[in-house]
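Listed below, chain by chain, are the residues.
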Amino acid sequence: MIKDYMRKDLLDFKPYHAPLMNYDIKLDANENPYAHSPYVLEKIKLWIDEEKDHLTRYPDTDVHELRQKLGTYHGVSENEIICTVGSDQLIELIIKVFVEPGDGVLVPNPSFSMYGLSTQLNHGKVINYELDDAFDYDYDLILKAYEDHKPKLIFICTPNNPTGNKASLEGMKRILDHVNCPVIIDEAYEEFDGDSMVPFIPNYNNLIVLKTFSKAYGIAGLRIGYGIASKEMIEVVNIAKPPYNLSAFSQAVATFILEDLDYYNDLIHKINNEKEHLYQFFLGRDCFERVYPSKANFILVKITDMNLITYLQSHNVLIRGFGDQGRLAYHMRVTIGTDDENSRLIALIKAYEA
Ligand SMILES: Cc1ncc(COP(=O)(O)O)c(C=O)c1O
């Protein structure tokens with residue numbers, strides 16, 4: 001039996017699972033639903049047409065051009081940036097280089113599941129710290145958990161997935177002022193309405209900010225994430241980076257997007273307006289027990305009846321449900337779609353309630 005050879009601690013491990021389902025409207029993965037800019041589409045065509053050895057040769061393993069452009073955009077040097085296959089890979093690399101078997105990793109609950117899954121896969125010990133009743137961060141609690149467990153890493157996600165609220169800059173600085181271990185601030189949704197910690201990187205050698213092109217910039221399919229931190233920190237994380245991790249095509253498309261940011265900023269603005277519209281609609285509904293304000297491109301709601309999720313799925317609308325157990329029991333997360341998709345969602349919810 002193959003399982004006899006497997007790591008015993010992984011026998012009951014539940015990997016990240018995102019089933020492929022049919023849909024008309026996809027509101028379950030916090031993607032950007034809009035088309036790419038004409039500029040980016042044209043550049044992609046040219047990239048393919050002009051192909052000399054783009055496809056036959058390995059890509060630039062150090063991702064120079066993209067890192068330079070990101071450096072200019074964020075006001076940091078290229079040496080303070082690492083690019084990875086989605087920010088998922090960066091989470092994994094950070095854990096790999098810092099966590100030894102049994103080391104503790106502080107992870108918010110509820111939050112993005114990959115912090116815990118990667119920690120387990122890399123022999124670390126997940127120590128959850130709970131968000132409060134409104135899913136806000138409790139900084140005293142984080143500091144107490146730090147004192148009690150002396151973890152190797154602390155994760156903070158802001159705006160947090162799936163709750164949509166953000167950590168305060170003061171709160172995060174309090175943590176960074178107090179602790180010595182690396183603190184990872186995951187800003188996957190910061191472009192929507194967050195407060196970035198990037199300007200504070202010169203103040204904190206142990207701060208790592210995680211970013212992604214999967215959400216605001218709409219290339220989840222190309223898998224590009226990146227981290228910004230001190231040069232020393234980036235050098236350490238680079239130790240675990242596989243060579244040629246980012247495909248030539250991914251590197252190229254991300255640079256095209258950075259050349260046309262006005263277009264994407266307009267989309268972010270549009271998504272935020274749509275979010276406000278959906279939020280106001282959700283507030284008055286009988287089928288929602290609680291609606292959480294959101295700084296990201298999704299809204300979390302507590303539903304009164306689990307049938308709503310199957311009803312939406314039966315109409316080919318995918319949303320993310322969290323089951324009926326744990327802190328997110330009876331909650332569902334709705335990604336902000338296009339205006340047309342949101343109108344169709346609103347019509348379906350009205351029909352469900354009727
Ligand atoms: C908070 C958070 N961080 C990181 C990721 C991973 O994003 P990616 O690997 O696509 O960059 C996600 C994806 O949903 C997320 O919600």
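Residues numbered from 1 in each chain as written. Predicted model: local features only at pLDDT ≥ 70, side-chain atom pairs only at ≥ 80, totals over all residues.

Enquirer: I'm lost on the overall build of the protein in this one. Help?
Expert: Looking only at helices and strands, the protein has 13 helices and twelve strands in total. Against the compact-globule benchmark of 20 Å for 354 residues, the protein has a radius of gyration of 21 Å, which places it among compact chains. Buried positions account for 40% of the 354 residues belonging to the protein. Of the contacts formed within the protein by residues at least 6 apart in sequence, a portion of 70% connects residues at least 24 apart. (Helix = DSSP H or I, 4+ residues; strand = E, 2+ residues; numbered from the N terminus. Rg over C-alpha atoms; globule rule 2.2 N^0.38 Å. Buried ≥ 20, exposed ≤ 12 C-beta atoms within 10 Å, placed from the backbone. Contact = placed C-beta atoms within 7 Å.)

Enquirer: Would you explain the nonpolar core in this entry?
Expert: Generally speaking, nonpolar side chains in soluble globular proteins are found buried as a group. Core analysis: the largest hydrophobic core is formed by 88 residues, its most contacted members being Ile94, Leu106, Leu153 and Leu207. At six residues, the largest contribution of residues to this core is made by helix H4 (residues 86-98). Residues lining this core come from more than one domain, with at least three contributed by each of domain 1 (2-36 + 262-353) and domain 2 (53-259). What leucine 106 contacts, discounting residues up to four positions off in sequence, is Ile127, Tyr129, Ile142, Ala145, Tyr146, Pro151, Leu153, Ile154 and Phe155. (Core = buried A, V, L, I, M, F, W, Y, C linked by C-beta atoms within 7 Å. Domains from an automatic or database assignment.)

Enquirer: Sorry if this is basic, but what is going on with the UniProt feature "modified residue: N6-(pyridoxal phosphate)lysine" (unreviewed entry) in the protein here?
Expert: In the numbering used here, UniProt assigns the "modified residue: N6-(pyridoxal phosphate)lysine" (unreviewed entry) feature to Lys215. Turning to its location among the elements, lysine 215 is positioned in the loop between strand E7 (207-212) and strand E8 (224-229). The exposure class assigned to lysine 215 is buried, which follows from the 27 C-beta atoms found within 10 Å. Filtering out sequence-adjacent residues up to four positions away, lysine 215 remains in contact with Asn30, Asn32, Ala188, Tyr189 and Asn297. (UniProt positions renumbered as here; feature names shortened; annotations may be inferred.)

Enquirer: Would you mind going over the sheet that holds strand E12 (residues 331-335) with me for this structure?
Expert: Two pairing modes exist for strands in a sheet, parallel and antiparallel, and in both the strands are linked by backbone hydrogen bonds. Pairing is mixed across the open sheet formed by five strands, whose spatial order is E1-E11-E12-E10-E9. In this open sheet, the two edge strands, each paired with only one partner strand, are strand E1 (25-27) and strand E9 (288-291). Sheet twist, expressed as the mean angle between neighbouring strand axes with direction ignored, is 30°. Sheet topology places strand E11 (residues 317-321) next to E12; two bridges connect them, and they run antiparallel. Of the residues in E12, the one forming a bridge with glycine 321 is methionine 332. Here helix H11 (residues 261-283) sits on the sheet and contacts E9 and strand E10 (298-303); the angle it forms with E10, its principal contact strand, is near 10°. On the sheet, helix H13 (residues 339-353) packs against E1 and E11 and is oriented at approximately 90° with respect to E1. (Pairing = 2+ DSSP bridges. Axes fitted to C-alpha atoms, helices over the stretch in contact; angles between N-to-C directions.)

Enquirer: Teacher, can you tell me more about the site of the ligand here?
Expert: What surrounds the ligand is a group of 13 residues, the closest being Gly86, Asp88, Asn161, Thr212 and Ser214. The element contributing the most residues to the shell around the ligand is H4, with three residues. Its residues assigned to classes, the shell around the ligand comprises four nonpolar, seven polar and two charged. (Near = placed C-beta within 6 Å. Nonpolar A, V, L, I, M, F, W, Y, C, P; charged D, E, K, R; others polar.)

Enquirer: Sorry if this is basic, but what is going on with the pairing of strand E6 (residues 183-186) here?
Expert: The side chains of a regular strand alternate, residue by residue, between the two faces of the sheet. Across the two faces of E6 the burial is the same, with Val183 and Ile185 and Ile184 and Asp186 all buried. For strand E5 (residues 153-157) and E6, the ladder comprises four bridges, and the chain directions are parallel. Within E6, the residue paired with isoleucine 154 across the bridge is valine 183. With respect to chirality, the unit in which E5 leads through helix H7 (residues 169-178) into the neighbouring parallel E6 is right-handed. Here four bridges tie E6 to E7, and the two strands are oriented parallel to one another. Residue aspartate 186 lies in a different strand from E7, and its bridge partner there is leucine 210. (Right-handed = clockwise from strand over helix to strand, strands pointing away.)

Enquirer: Is there a simple way to think about the sheet that holds E7 in this case?
Expert: Ordered by their spatial adjacency, seven strands build an open sheet running E2-E8-E7-E6-E5-E3-E4, and the pairing between neighbours is mixed. Whereas interior strands pair on both sides, the edge strands pair on one side only; in this sheet they are strand E2 (81-85) and strand E4 (125-130). Each strand axis lies, on average, 25° off the axis of its neighbour in the sheet, ignoring direction. Sheet topology places E2 next to E8; five bridges connect them, and they run antiparallel. Looking across to E8, one finds that valine 85 is bridged to isoleucine 224. Those strands touched by helix H3 (residues 64-74) are E2 and E8, and its axis lies near 125° from that of E2. This element, helix H9 (residues 231-238), spans E2, E7 and E8 of the sheet and lies at about 30° to E2.

Enquirer: Even after reading the chapter, I still don't get the packing of H11 against H13, so can you show me in this structure?
Expert: Interhelical geometry of H11 versus H13 gives an angle of 5° and a closest axis separation of 11 Å. Relative to H13, H11 is oriented roughly parallel. Two secondary-structure elements touch here, H11 through Glu274, His277, Leu278 and Phe281 and H13 through Asp339, Asn342 and Ile346. Taken together, the residues of the contact of H11 with H13 break down into three nonpolar, two polar and two charged. (Parallel < 35°, antiparallel > 145°, perpendicular 65-115°, else oblique.)

Enquirer: Would you mind going over unusual backbone geometry with me for this structure?
Expert: Backbone geometry follows two general trends: most residues other than glycine have a negative phi, and most peptide bonds adopt the trans configuration. Cis geometry is found at the peptide bond from threonine 158 to proline 159, where omega equals -10°. With respect to the helices and strands, the residue proline 159 is situated in the loop between E5 and H7. In this chain, asparagine 161 is followed by proline 162 through a cis amide linkage whose omega measures 15°. Checked against the element boundaries, proline 162 lands in the loop between E5 and H7. Positive phi, close to 65°, is recorded for phenylalanine 135, a residue that is not glycine. Mapped onto the elements, phenylalanine 135 comes out in the loop between E4 and helix H6 (139-149). A positive phi angle, close to 55°, is found at tyrosine 244, a residue other than glycine. Position of tyrosine 244 among the secondary structure elements: in the loop between H9 and helix H10 (248-258).

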